[in-house]
Amino acid sequence: MTSHGSSPTASPNSRTNGLAVASLVLGIIGVFLFNVILGPLAIVLGAVGLRRAPAKGGAGMAKAGIVLGILDLVVFGVLLAVSAANGGFHWYVGG
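Note that this is a predicted model, so its numbers are computed, not measured. (Residues numbered from 1 in each chain as written. Predicted model: local features only at pLDDT ≥ 70, side-chain atom pairs only at ≥ 80, totals over all residues. Heavy atoms only, no water.)

Q: Which residues make up the side chain of Ser23, and what values go with them?
A: With respect to the secondary-structure elements, Ser23 resides in helix α1 (residues 18-32). Ignoring anything within four residues of it in the chain, the contact list for Ser23 reads Ala42, Leu45, Gly46, Ala62, Gly65 and Ile66. (Helix = DSSP H or I, 4+ residues; strand = E, 2+ residues; numbered from the N terminus. Contact = heavy atoms within 4.5 Å.)

Q: Before we move on, can you summarise a nonpolar patch on the surface with the specific residues and values?
A: A grouping of Val25, Ile28, Ile29, Phe32, Leu33, Phe34, Val36, Ile37 and Leu41 is seen on the molecular surface, where their side chains present a nonpolar patch of about 890 Å² in accessible area. The set of elements that each furnish at least two residues to the nonpolar patch consists of α1 and α2 (35-51). By residue number, the principal contributor to the nonpolar patch is α1, which donates four residues. Here Val25 is to be found in helix α1. Accessibility expressed as a relative area gives 41% for Val25, which makes it partly exposed. (Patch = residues over 30% accessible without salt bridge, like charges linked within 9 Å, V, L, I, M, F, W, Y side chains within 5 Å. Areas by Shrake-Rupley, 256 points an atom, 1.4 Å probe, with all protein chains shown as cover. Salt bridge = Lys/Arg side-chain N within 4 Å of Asp/Glu carboxyl O. Buried < 20%, exposed > 50% of the residue type's maximum accessible area, 1.4 Å probe, protein only.)

Q: With reference to specific residues and values, describe the confidence of the model for the protein.
A: When pLDDT is averaged along the protein, the result is 84, and 84% of the positions lie at 70 or above. Model confidence for the protein, summarised as mean pLDDT per element, is weakest for helix α3 (residues 53-56) at 80 and strongest for α2 at 93. (pLDDT = per-residue confidence, 0-100.)

Q: Outline α2, listing residues and values.
A: With 17 residues, α2 extends 24 Å between its outermost C-alpha atoms, agreeing within 8% with the 24 Å of an ideal straight helix rising 1.5 Å per residue. Within α2 the residues assigned to the buried category are Asn35, Leu38, Gly39, Ala42, Gly46 and Gly49. Buried residues of α2, seen end-on, are gathered within an arc of 105 degrees and therefore sit on one face of the element. α2 presents Val44 and Arg51 as exposed residues on the side facing more than 90 degrees away from its buried surface. If you follow the buried residues of α2, they end up packed against α1, α3 and α4 (59-85). (Expected span 1.5 Å × (residues − 1). Arc of directions from axis to C-beta.)

Laid out in structure tokens, this is it:
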């Protein structure tokens, strides 16, 4: 039930740093999927979000996004090293 005086959307004066939130979300998803793409994105968005943190807040989320972005790249490196040690990728096409 909505009241007559409030808006269901966020106000323009919202204190949430959207870039910090995006960095955190991309970092979390990047641990499991597309880590080579989402890791650098999380690092860049986290760095920009950290610069905007004094005005918008969210420094902790931005730092966590940067750390998770670095973790994404480390996971990719480990997976790449394990794959190379096991003979690389082989595509089996029936027949």
